[in-house]
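# Geometric and topological summary
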Amino acid sequence: MNLVKKALHKFNGLHYRQEYLCLARESFNQPLYVYLVNDKRIIADVTSLHLFVGYCPLVFAFTNMDLPENIQLIFTNRQLQPNDIFLKKDAIALLKLRRIKQQVADSTAILYYEGTYGKHYFQSAFHQLIGSLINRLYNKKPGNVFLHTNLYRQVQVAYSVPRTISLITVSDGNGYNLFPTDLHGPSGDQLYIISLRTGGKACQQVATAGKILIAEVDSNMYKTVYALGKNHMQPLKPVADFPFSGQVSTTFGLAVPQNAFLYRELNLIDTFTRGIHKIMLFKIVHSQQIMPSNDTLAHIHNSYATWRYKKGLQGNYLLR
């Protein structure tokens, strides 16, 4: 690391070395609430009613909600009720989004929104300026997805809510692949959305197979799961090359990862592309709880973790 880069990192204000911090979702205390707002008034709590399915651009999905074309979300540590008036100090972060697409499947309406602006107070203005400078100077490199300054802030805000990291199993009947994703989630009871990077081998493998398994895993798998990230660009390989449990799924007979709490078998029914993402809509064919989910693997961004540290909020972080 050259001297300029080392100096900038020294003064970036971040408390932790890693950009994303793994944790067990269920034991993460005092998380932020996410509220849909209009003219400083709380409309609805959407903390568990939105899906984060894209970061370049930022894309959120909402299921069976009557929403206007443009919306604003605030992120706060205060619990508020519909019709409450929120104060400026209540909004630790905010996102503005505009509707880009609507899908209807199985009587389920899904609205997709793209981020247009993001702001947060996780760090001081000076430290955010240093972070933006580091981003501009060192993140524009081959193979890396560069996020312009405000998009990077939008992503930091989105990752202030713990995002579950699940493992996807895909197979052509002979070879296998196993790789992580954090851009996903159920849309109602029957549908599931997953976003994969266009041009990646994993994305093509899923599109070709049309049938996959997605599993939530124990947080003690965090190092293994992060190491599997390289498989987004790997070909199918023998099943023995992956950390599978030996169990196979009920309907498709796909290999289940080690330390999986829950798996779903999914059948691809629709796709569309937005930015670098192929956003895939699946039908849930079968869902099986293998054991209670007490320590599901998830992660948050360092900027929000630093804010928590400065506020004296305990973190259950798993540092790689």
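This text goes with the structure placed above it.
A short tour of the structure in this document, coming up.

The rules behind each value
Residues numbered from 1 in each chain as written. Predicted model: local features only at pLDDT ≥ 70, side-chain atom pairs only at ≥ 80, totals over all residues. Heavy atoms only, no water. Buried < 20%, exposed > 50% of the residue type's maximum accessible area, 1.4 Å probe, protein only. Helix = DSSP H or I, 4+ residues; strand = E, 2+ residues; numbered from the N terminus. Pairing = 2+ DSSP bridges. Phe/Tyr/Trp six-rings, centres within 6.5 Å; stacked < 30°, edge-to-face > 60°. Axes fitted to C-alpha atoms, helices over the stretch in contact; angles between N-to-C directions. Polar contact = N/O pair within 3.5 Å; in protein donor to acceptor, adjacent residues only side chain to side chain. Contact = heavy atoms within 4.5 Å. Salt bridge = Lys/Arg side-chain N within 4 Å of Asp/Glu carboxyl O.

### Some words on the pairing of strand S14 (residues 211-217)
Of all 7 residues in S14, 6 are buried; the element is thus mostly enclosed. When strand S10 (residues 166-171) meets S14, the two strands line up antiparallel, connected through 4 bridges. For Ser 166, the partnering residue across the bridge sits in S14 and is Glu 216. Relative to strand S17 (residues 260-274), S14 runs antiparallel, the two sharing 7 bridges. Counted as the bridge partner of Lys 211 is Asn 267 from S17.

### Observations concerning the packing of aromatic side chains
Across all of its chains, the model carries 12 aromatic pairs by this definition. Taken together, a centroid distance of 6.0 Å and an interplanar angle of 25° make the contact between Tyr 33 and Tyr 35 stacked. The partly exposed category is assigned to Tyr 33, whose relative accessible area is 24%. Here Phe 242 and Phe 244 contribute two aromatic rings whose centre-to-centre distance is 5.8 Å and whose plane-to-plane angle is 55°, an arrangement assigned as tilted.

### What about the sheet that holds strand S12 (residues 184-187)?
On the basis of which strands lie adjacent, the open sheet formed by 7 strands has the order S11-S10-S14-S17-S18-S13-S12 and antiparallel pairing. One side of each edge strand has no neighbouring strand; the edge strands of this open sheet are strand S11 (176-181) and S12. The sheet shows a mean angle of 35° between the axes of neighbouring strands, direction not considered. The sheet contact formed by S12 and strand S13 (residues 191-197) spans 4 bridges and is antiparallel. Of the residues in S13, the one forming a bridge with Pro 186 is Tyr 192.

### Describing the environment of Arg 153
When you line up the elements, Arg 153 lands in helix H3 (residues 149-158). Once the C-alpha coordinates of Arg 153 and Tyr 192 are considered, the two residues, 39 residues apart in sequence, prove to be 27 Å apart. For Arg 153, the side chain forms a polar contact with the side chain of Gln 128, separated by 2.7 Å.

### Describing the side chain of Thr 169
As for its placement among the helices and strands, Thr 169 is situated in strand S10. Residue Thr 169 is classed as buried on the basis of its relative accessible area, which comes to 0%. One polar contact links the side chain of Thr 169 to the main-chain carbonyl oxygen of Ala 255, over a distance of 3.0 Å. Once residues within four sequence positions are removed from consideration, Thr 169 is found in contact with Tyr 176, Asn 177, Leu 178, Ile 212, Leu 213, Phe 244, Leu 254, Ala 255 and Pro 257.

### Looking at helix H6 (residues 302-310)
A large share of H6 lies buried, amounting to 7 of its 9 residues. Of all the positions in H6, only Asn 302, Ser 303, Tyr 304, Ala 305, Thr 306, Trp 307 and Arg 308 are classed as buried. In the core, the buried residues of H6 are packed alongside strand S1 (20-24), H3 and strand S19 (297-301). Phi turns positive, to about 75°, at Gly 312, one or two residues after H6.

### Describing unusual backbone geometry
A cis amide bond, omega 5°, links Cys 56 with the succeeding residue Pro 57. Residue position: Pro 57 is located in the loop between strand S4 (50-55) and strand S5 (58-63). Despite not being glycine, Lys 40 has its phi angle at roughly 65°, a positive value. On the secondary structure map, Lys 40 appears in the loop between strand S2 (33-38) and strand S3 (41-45).

### Some details on the pattern of salt bridges
Here the structure, examined in full by the defined rule, presents 7 salt bridges. For Arg 25, the salt bridge identified is with Glu 216, shortest N-O distance 3.9 Å. Here the residue Arg 25 occupies a position in the loop between S1 and S2, and Glu 216 occupies one in strand S14, the gap between them amounting to 191 residues. The class of Arg 25 is partly exposed, set by a relative accessible area of 30%. Between Asp 106 and Lys 283 there is a salt bridge whose closest N-O contact spans 2.7 Å. Taken together, the residues span a long stretch of sequence, with Asp 106 in the loop between strand S7 (93-105) and strand S8 (108-120) and Lys 283 in strand S18 (residues 277-289) at a distance of 177 residues. Ionic contacts of the salt-bridge type, sharing partners, join the residues Arg 25, Glu 26, Glu 216 and Arg 264 into one network.

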